[in-house]
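# Descriptive analysis of the structure
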Amino acid sequence: MEYKCNIITVFGVFHICLCLCPRSRKTGQYNVQRCKAAGAAPGSSSGKTPYQRCSSQDSLDEQAMVDYFKEVEIIQRSGDAETQEEVQLKVADEGEQEEAWLMEAGLATLFDESASDGEDSIALLSTLTRTQAAAVERRVETLKQTLRKRNKPYSVPDVREIFKPASQSKVRAHIRPRISAVSSCVNEDMQVWGGADAETDINLEVSFSEQALTYKEGLKVTQPQNEDFRVSQDKTGQTRVGDLSAEDMKKVRRLVLIEMSALFDTCGIEVKAHKALKVRVRESGLFGVSLSTLLEQDQRRIPGTKVPLILQHLMSHIEEQGLDTEGVLRIPGAATRVKAVCHELEHKFYEGVFPWQSLKQHDAASLLKLFIRELPYPLLTVEYFSAFISVLKLPTKKQQLQALNLLVLLLPEPNRDTLKALLEFFQRVTDHKDRNKMTLNNVAVVMAPNIFMCKGFRSKISEQQEFAMATGTANIVRLLVRYQNLLWTIPKFVLNQVRKHNMENQRKMHRDRAVKKLLKKMAYDRERASDKQEKNTEAEGGFIRVQAPQFSKVSMAVQLTEDLKASDVLTHFLSQERSPSVKREDLCLYEMGGNIKERCLDEETYITALLELNPSAEWVIKSVQSQKSS
């Protein structure tokens, strides 16, 4: 039997020398043996590892990777892809990727003048930073060259026309990102960045791609000595996924797509987006069913469901059995029993007659992993699969986290909510690591092949690529679990761009005379109403007016001080609200109007700081539960 010695190095993240001999690619069985590392110290015994096993949660050791390939072997032996058709991944054709990107970014008018979002595109372009503008320019120019090669008629404007001053442009008189203004803003932002707790703070106030450009140009070369990254504090409060209106989240997603592309562009990393060819998938059931279909089924039973019920039940059952069990998630259940339980769940789950009390914990863990693998399209989506894998090519750990933050925000809502539930569950498993022996690394290497080795992808890569991917994907899962609190945060610079976008749209509305007349009448009506209702203009006198239309205390005045936080407003409201059923955890103070549609405020938000950012805002207390169900 021939053994191959492979030195696996993935983007400088992990270096290990393994003798790997795949006995069968189909069965997924591997022989893993130690071998002498190149450059080992003289006299070192071949029977010893060429390095000490690392117990740090910041790296992956040899035993961890042995566990990875054991998991791959278990997956292959389980034969869970009996009837499921593989998703065929295909790289988009030249020009096709750029066209799809521009459409997704809300910039279809840059290649199709008949597109209906022209005014909105102009407003969006006016908010871009220099690196974001460069990302748009690059894709417009690539599309233009592709169409020219094909000798096809096209209406793609010259890139110089898109981004030159309005007075000189003949193609798009209003489409320009105000380069000079952007440059001055960037310089101001860099002063803020330099004044932050530089090494371990994730700065959300400055565009990630602008930070990467500064790092690349050598203006900031200090790298952190550890990985204890945290989000820098902001007096205007952090914004999480779910805090904004659907209208503003649509703008967030477009800006995040542009920013993510700008970040990879700035670092010189090309990411080829895949597209999924349509395949036949099950239209009902539990396993092998798309997330959207599952949630439609579940929402008919429990309105507002965001995470598939079967997944929720499996995670709850594993926890009820106790997370102290050694090897939970790692030790597989009996294959024949797991298959039988899977069929039983398909028939009895929705009827509520499945005997959960008889389900063994390791079988439940195997079913949870089976559920993830059997999704007809990968949890991280076909579109962004390559981008997730490319994250570790970024030069610093901070940039890798920034990229993961953007990619999580780009995921469709069902995928993002399901991923969040899984990562929170994995964290709870690692919280019991002293007893269950499942450290962060253990969980990462066991779950990585279940998340990343999706059907249609694994069959397209070589064995050597698969070995290399092992450490890369495990490291990505490790980052996702460890920094999940960061990844669901909307960066402040993106939110500020949404505010600018909204203000630009409002300015355009004011140019319309008919709208101006209507707004004038509305302003007059508001003035009359303010005499009776003491509206938010009280802020000038040291007070803000807080509305609570859902409750008995429909309005109240709160004294404005430098230290006033959103939490203080809620406390003041509860002291006056007469209904005993109102609970603090169900309430949120919303910023509404002005340059934002609506935003649920972090309780640590300072009201005076936010008023400076949005002086026209109104303040409304709502029930979070009613918002979720609406």
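These numbers come from a predicted model, not from an experiment. (Residues numbered from 1 in each chain as written. Predicted model: local features only at pLDDT ≥ 70, side-chain atom pairs only at ≥ 80, totals over all residues. Heavy atoms only, no water.)

Per the secondary structure count, the protein chain includes 24 helices and 14 strands. Counting only residues that meet the buried cut, the protein chain has 51% of its 630 residues in that class. Accessible surface for the protein chain amounts to roughly 30,100 Å². Of this, 49% is attributable to carbon and sulfur atoms. (Helix = DSSP H or I, 4+ residues; strand = E, 2+ residues; numbered from the N terminus. Buried < 20%, exposed > 50% of the residue type's maximum accessible area, 1.4 Å probe, protein only. Areas by Shrake-Rupley, 256 points an atom, 1.4 Å probe, with all protein chains shown as cover.)

A few words now on the state of the cysteines. Counted according to the given criterion, the structure contains one disulfide. Note that Cys 588 is cross-linked by a disulfide to Cys 600, the S-S spacing being 1.9 Å. A torsion of 120° about the S-S bond marks the disulfide between Cys 588 and Cys 600 as right-handed. You can see Cys 588 sitting in strand E12 (residues 587-593) and its partner Cys 600 sitting in strand E13 (residues 596-600), a full twelve residues away along the chain. Exposure remark for Cys 588: the relative accessible area of 4% places this residue in the buried category. What makes Cys 600 buried here is its relative accessible area of 12%. (Disulfide = S-S within 2.5 Å.)

Attention now goes to the pattern of salt bridges. A full pass over the atoms with the stated rule returns 24 salt bridges. One salt bridge in this structure joins Asp 201 and Arg 230, with 2.8 Å as the shortest N-O distance. Here Asp 201, found in strand E5 (residues 201-202), pairs with Arg 230, found in strand E6 (residues 230-231); they are 29 residues apart in sequence, far enough to count as distant. On the basis of relative accessibility, which here comes to 47%, the residue Arg 230 falls in the partly exposed class. As a salt-bridge pair, Lys 565 and Glu 604 come within 2.8 Å of each other at their nearest N and O atoms. Taken together, the residues Lys 565 in the loop between strand E11 (555-559) and helix H22 (566-576) and Glu 604 in the loop between E13 and helix H23 (607-613) connect sequence positions 39 residues apart. Via salt bridges that share partners, Glu 247, Asp 248, Lys 251 and Lys 597 belong to a single interconnected network. (Salt bridge = Lys/Arg side-chain N within 4 Å of Asp/Glu carboxyl O.)

Using the criterion set out here, one finds three cavities of 30 Å³ or more in the structure. By volume, the second largest cavity is sized at about 140 Å³. Those elements that place two or more of their residues in the lining of the second largest cavity are strand E9 (489-490) and helix H20 (492-511). Looking at the lining of the second largest cavity, the element that brings in the most residues is H20, giving four residues. Its residues assigned to classes, the lining of the second largest cavity shows five nonpolar, eight polar and five charged. (1 Å grid on protein atoms, 1.4 Å probe; cavity = no way out; pocket = protein on both sides within 12 Å on 5 of 7 lines; lining within 4 Å. Points joined across faces, edges and corners; volume = space filled by probe spheres on them. Nonpolar A, V, L, I, M, F, W, Y, C, P; charged D, E, K, R; others polar.)

What follows is about unusual backbone geometry. The backbone of Thr 381 sits at a positive phi, close to 70°, despite the residue not being glycine. The residue Lys 437 is not glycine, and still its phi comes out positive at about 60°. By the secondary structure assignment, Lys 437 is in the loop between helix H16 (433-436) and helix H17 (440-452).

Of all five residues in E13, four are buried, a share of seventy percent or more. With four bridges connecting them, E12 and E13 associate as antiparallel partners. The residue of E13 that forms the bridge with Tyr 590 is Cys 600. Counting the residues in the hairpin turn of E12 and E13 gives two residues, including Gly 594, whose phi is positive at 75°. (Pairing = 2+ DSSP bridges.)

Now for the packing of aromatic side chains. Summed over all chains, the structure comprises ten aromatic pairs. A ring pair is formed by Tyr 68 and Phe 69, whose centres lie 5.2 Å apart and whose planes are at 75°; its orientation type is edge-to-face. Looking at Phe 69, the relative accessible area reads 2%, which means it is buried. Their ring planes at 75° and their centres at 4.9 Å tell us that Phe 354 and Trp 356 sit as a pair that is edge-to-face. (Phe/Tyr/Trp six-rings, centres within 6.5 Å; stacked < 30°, edge-to-face > 60°.)

We now examine the sheet that holds E13. Ordered by their spatial adjacency, five strands build an open sheet running E11-E10-E14-E12-E13, and the pairing between neighbours is mixed. The open sheet has two edge strands, E11 and E13, and neither has a second partner. Within this sheet the neighbouring strands show an average axis-to-axis angle of 30°, counted without direction. When E12 meets strand E14 (residues 618-623), the two strands line up antiparallel, connected through six bridges. Within E14, the position partnered with Leu 587 by the bridge is Ser 623. (Axes fitted to C-alpha atoms, helices over the stretch in contact; angles between N-to-C directions.)

A word on the packing of helix H15 (residues 413-430) against H17. Where H15 contacts H17, the axes come no closer than 9 Å and their chain directions differ by 135°. Viewed along their axes, H15 and H17 adopt a mutual orientation that is oblique. Classified by chirality, the crossing of H17 by H15 is right-handed. Contacts between H15 and H17 involve Phe 426, Val 429 and Thr 430 from the first element and Leu 440, Val 443 and Met 447 from the second. A per-class count over the contact of H15 with H17 returns five nonpolar, one polar and no charged. (Parallel < 35°, antiparallel > 145°, perpendicular 65-115°, else oblique. Left-handed = near helix turned anticlockwise from the far one by under 90°. Contact = heavy atoms within 4.5 Å.)

What follows covers a negative patch on the surface. On the surface, a cluster of negative charge is made up of Glu 562, Asp 563, Asp 568 and Glu 612. Position of Glu 562 relative to the elements: it lies in the loop between E11 and H22. Its relative accessible area of 60% is what places Glu 562 among the exposed residues. (Patch = residues over 30% accessible without salt bridge, like charges linked within 9 Å, V, L, I, M, F, W, Y side chains within 5 Å. Lys, Arg positive; Asp, Glu negative; His and termini not counted. Charge placed at Lys NZ, Arg CZ, Asp CG, Glu CD.)

Looking now at the nonpolar core. Grouped together as the largest cluster of nonpolar side chains are 124 residues, with contacts concentrated most on Leu 345, Leu 367 and Leu 368. If near-sequence neighbours (up to four positions away) are discounted, Leu 368 is found in contact with Leu 311, Leu 314, Met 315, Ile 318, Leu 422, Phe 425 and Met 447. With 22 residues, the next largest nonpolar core counts Leu 564, Leu 611, Trp 619 and Ile 621 among its residues. (Core = buried A, V, L, I, M, F, W, Y, C linked by side-chain atoms within 4.5 Å.)

As a further point, take the packing of helix H7 (residues 208-216) against helix H14 (residues 397-410). Between two packed helices, both the angle of their axes relative to each other and the distance between the axes serve to describe the pair. Close contact between H7 and H14 brings their axes to 11 Å; oriented N to C, the two are set at 160°. Our classification of the angle between H7 and H14 gives roughly antiparallel. As for the relative orientation of H7 and H14, their crossing is left-handed in sense. Contacts between H7 and H14 involve Phe 208, Gln 211, Ala 212 and Tyr 215 from the former and Gln 399, Gln 402, Asn 405 and Leu 406 from the latter.

Our next topic: the confidence of the model for the protein chain. Parts of the prediction with low pLDDT should not have their coordinates interpreted in detail. The pLDDT averaged across the protein chain works out to 78; a share of 70% of its residues lies at or above 70. Of all helices and strands in the protein chain, the one with the weakest mean pLDDT is strand E1 (residues 4-9) (37), whereas H15 scores best (97). Low pLDDT (under 50) marks residues 165-197, which in the prediction has 53 contacts with non-local residues, meaning those over four places away or in another chain. For residues 531-536, every residue scores under 50 in pLDDT, and the model assigns this stretch eleven contacts once sequence neighbours within four places are set aside. (pLDDT = per-residue confidence, 0-100.)

What follows concerns the environment of Ile 596. Its place among the elements puts Ile 596 in strand E13. Since its relative accessible area comes to 3%, Ile 596 is described here as buried. Setting aside anything within four residues of it in sequence, one finds Ile 596 in contact with Asp 248, Leu 495, Val 498, Arg 499, Asn 502, Glu 591 and Asn 614.

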